[in-house]
Amino acid sequence: MSKIITYGTFDTFHYGHLNLLKRARELGDYLVVALSTDEFNRIKNKEVFHSYKQRKEYLKMLKIVDLIIPETNWEQKEKDIKDNQIDILVMGDDWKGKFDKLNKYCEVRYLPRTKGISSSDIKQCLLKNSKTEQKNRKIN
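Residues numbered from 1 in each chain as written. Predicted model: local features only at pLDDT ≥ 70, side-chain atom pairs only at ≥ 80, totals over all residues. Heavy atoms only, no water.

1. With respect to the packing of aromatic side chains
Spelled out, the test is: Here is the rule: rings of Phe, Tyr and Trp (six-membered ring for Trp) pair when centre to centre is within 6.5 Å. Planes less than 30 degrees apart are stacked, more than 60 are edge-to-face, and the remainder are tilted. The secondary structure listing takes helices from DSSP runs of H or I that are at least 4 residues long and strands from runs of E that are at least 2 residues long, numbered from the N terminus. Summary of the burial criterion: residues with accessible area below 20% of their type's maximum are buried, those above 50% are exposed, and those between are partly exposed, where the area comes from a 1.4 Å probe applied to protein chains only. Sitting over a ring, as applied to charges here, requires NZ of Lys or CZ of Arg to be within 6 Å of the ring centre and within 35 degrees of the ring normal.
Under the counting rule described, the total for this entry stands at 4 aromatic pairs. Judged by centre distance (5.2 Å) and plane angle (75°), the rings of Phe 40 and Trp 74 are edge-to-face. Note that Phe 40 is positioned in helix H2 (residues 38-43) and Trp 74 in the loop between strand S3 (67-71) and helix H4 (77-83), a separation of 34 residues in sequence. Here the aromatic rings of Trp 74 and Trp 95 are separated by 5.9 Å at their centres, their planes lie at 55°, and the arrangement is tilted. One end of the pair, Trp 74, is in the loop between S3 and H4; the other, Trp 95, is in the loop between strand S4 (88-92) and strand S5 (107-111), with 21 residues separating them in the sequence. Take Trp 74: its relative accessible area is 39%, and that puts it in the partly exposed class. For Trp 95, a relative accessible area of 30% gives the class partly exposed. Three or more aromatic residues joined by ring pairs make a cluster, and in this case those are Phe 40, Trp 74, Trp 95 and Phe 99. Positioned over the ring face of Tyr 30 is Lys 3, at 5.1 Å from the centre of the ring. Just above the ring of Tyr 7 sits the side chain of Lys 77; from NZ or CZ to the centre is 4.3 Å.

Listed below in structure tokens is the structure:
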């Protein structure tokens with residue numbers, strides 16, 4: 001059995017996330033998702049809309065995800081790979097080269113991001129719409 005692992009926050013879940021998870025799962029028989037905890041996101045200065053518990057719940061609903069583990073720090077990847085007997089680490093290509101040192105424990109693959117969608121874009125759009133809505137309320 002071939003095991004795959006990927007890492008992420010998966011906040012404001014969208015089809016780009018789904019595409020990454022589907023492509024990762026297609027590389028093997030078992031997919032482990034290391035989900036960034038709320039505390040770790042704060043360390044990364046990353047603001048999330050959904051709590052860890054909520055994000056974990058919607059990942060659990062996906063048939064392609066076999067196991068969800070908490071991502072609590074940058075350094076845990078080597079231990080996760082060893083503990084879960086991982087064959088392939090999958091990351092988005094925006095991380096290209098950042099995890100090559102882990103090739104001594106498993107194969108590292110960087111998959112292209114889905115064009116036209118990102119959590120950052122969604123958050124910016126929501127913020128822009130919220131500001132426009134507030135401005136319109138003041139005018140009316």
